[in-house]
Amino acid sequence: MSQAHVLVLVGSLRADSVNKQIADTAASLAPEGSTALVYSTAALAEVAFYNEDIDVDGKVPAAALALRAEAEKATAFLLVTPEYNGTIPAVLKNAIDWLSRPYGSGAVSSKPVAVISASPSGNGAKWAHDDARKAVGIAGGKVLKDVELAIGGTIDKFGTAHPSENSEVSAQISSVVAELVKASNELVSA
Ligand SMILES: Cc1cc2nc3c(=O)[nH]c(=O)nc-3n(C[C@H](O)[C@H](O)[C@H](O)COP(=O)(O)O)c2cc1C
């Protein structure tokens, strides 16, 4: 069986992003026999806005090619996102758009996907969470039905500590990663 490999995409470019810290925590909790990689937010920031005119042989920008190449290696995806004005940040939507093409065979196509959202507000960026699930599902990803984690009240919950230091949240994150790996392994053995 080929090893499960989770690519983690983060919707915040902020240096001190809580969502990036949650993504790092998720990657560090990949179960034995699997691997996980947080895609560089600096690299994600370099990806041009999706444009069909440049999504043709010879014209795809290097940063978009690099994202697609890394995504091809993944057997599953974890999206970790804050909420901007009631939905997902543009940087994450842009990544989903690039990975949704070629239509029907983009790098997310038929691969398991889960979403974690986090925000200082009480609802844990739930709108962004729901919109991320919707967009990546339409992009072809197999969004895990019962796997949802929206972490609210991040300022009260974490203060200046890293989310990995919160045992309850770490356990929740670990469970999401384990479900993704399980789904990935099931697909390979099917
Ligand atoms: C442009 C912008 C829009 C925002 N809109 C929302 C929002 O709609 N809902 C929400 O819960 N938080 C919103 N926030 C607050 C973010 O949740 C907060 O900045 C969060 O810490 C960002 O996540 P990060 O720490 O991973 O960067 C917004 C922040 C910015 C900069």
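This text goes with the structure placed above it.
Quick notes on the rules
Residues numbered from 1 in each chain as written. Predicted model: local features only at pLDDT ≥ 70, side-chain atom pairs only at ≥ 80, totals over all residues. Heavy atoms only, no water. Axes fitted to C-alpha atoms, helices over the stretch in contact; angles between N-to-C directions. Helix = DSSP H or I, 4+ residues; strand = E, 2+ residues; numbered from the N terminus. Parallel < 35°, antiparallel > 145°, perpendicular 65-115°, else oblique. Left-handed = near helix turned anticlockwise from the far one by under 90°. Contact = heavy atoms within 4.5 Å. Pairing = 2+ DSSP bridges. Right-handed = clockwise from strand over helix to strand, strands pointing away. Phe/Tyr/Trp six-rings, centres within 6.5 Å; stacked < 30°, edge-to-face > 60°. Buried < 20%, exposed > 50% of the residue type's maximum accessible area, 1.4 Å probe, protein only.

1. What to know about the packing of helix 1 (residues 18–28) against helix 7 (residues 167–189)
Working note: a packed helix pair is described by the angle between its axes plus the distance between those axes. In the contact formed by helix 1 and helix 7, the axes pass within 9 Å of each other and the chain directions differ by 60°. Judged on the interaxial angle alone, helix 7 and helix 1 are oblique. When the axes of helix 1 and helix 7 are compared, the crossing they make is right-handed. In this structure, helix 1 contributes I22, T25 and A26 to the contact, and helix 7 contributes S170, I173 and V177.

2. Section: the pairing of strand 2 (residues 34–38)
A regular strand places its side chains on the two faces of the sheet in alternate fashion. Two elements, strand 1 (residues 4–10) and strand 2, share 5 bridges in a ladder whose sense is parallel. Within the sheet, the bridge partner assigned to H5 lies in strand 2 and is T35. At this point the chain moves from strand 1, through helix 1, to the parallel strand 2, and the crossover so formed is right-handed.

3. Overview of the packing of aromatic side chains
Under the defined criterion, the tally for this structure stands at 1 aromatic pair. Measuring from ring centre to ring centre gives 4.7 Å for Y50 and W98, while their planes differ by 70°; the resulting arrangement is edge-to-face. A residue pair is termed long-range when its members are at least 10 positions apart, and Y50 in the loop between helix 2 (41–45) and helix 3 (62–73) and W98 in helix 4 (residues 90–99) qualify at 48 residues. With relative accessibility at 0%, the residue W98 sits in the buried group.

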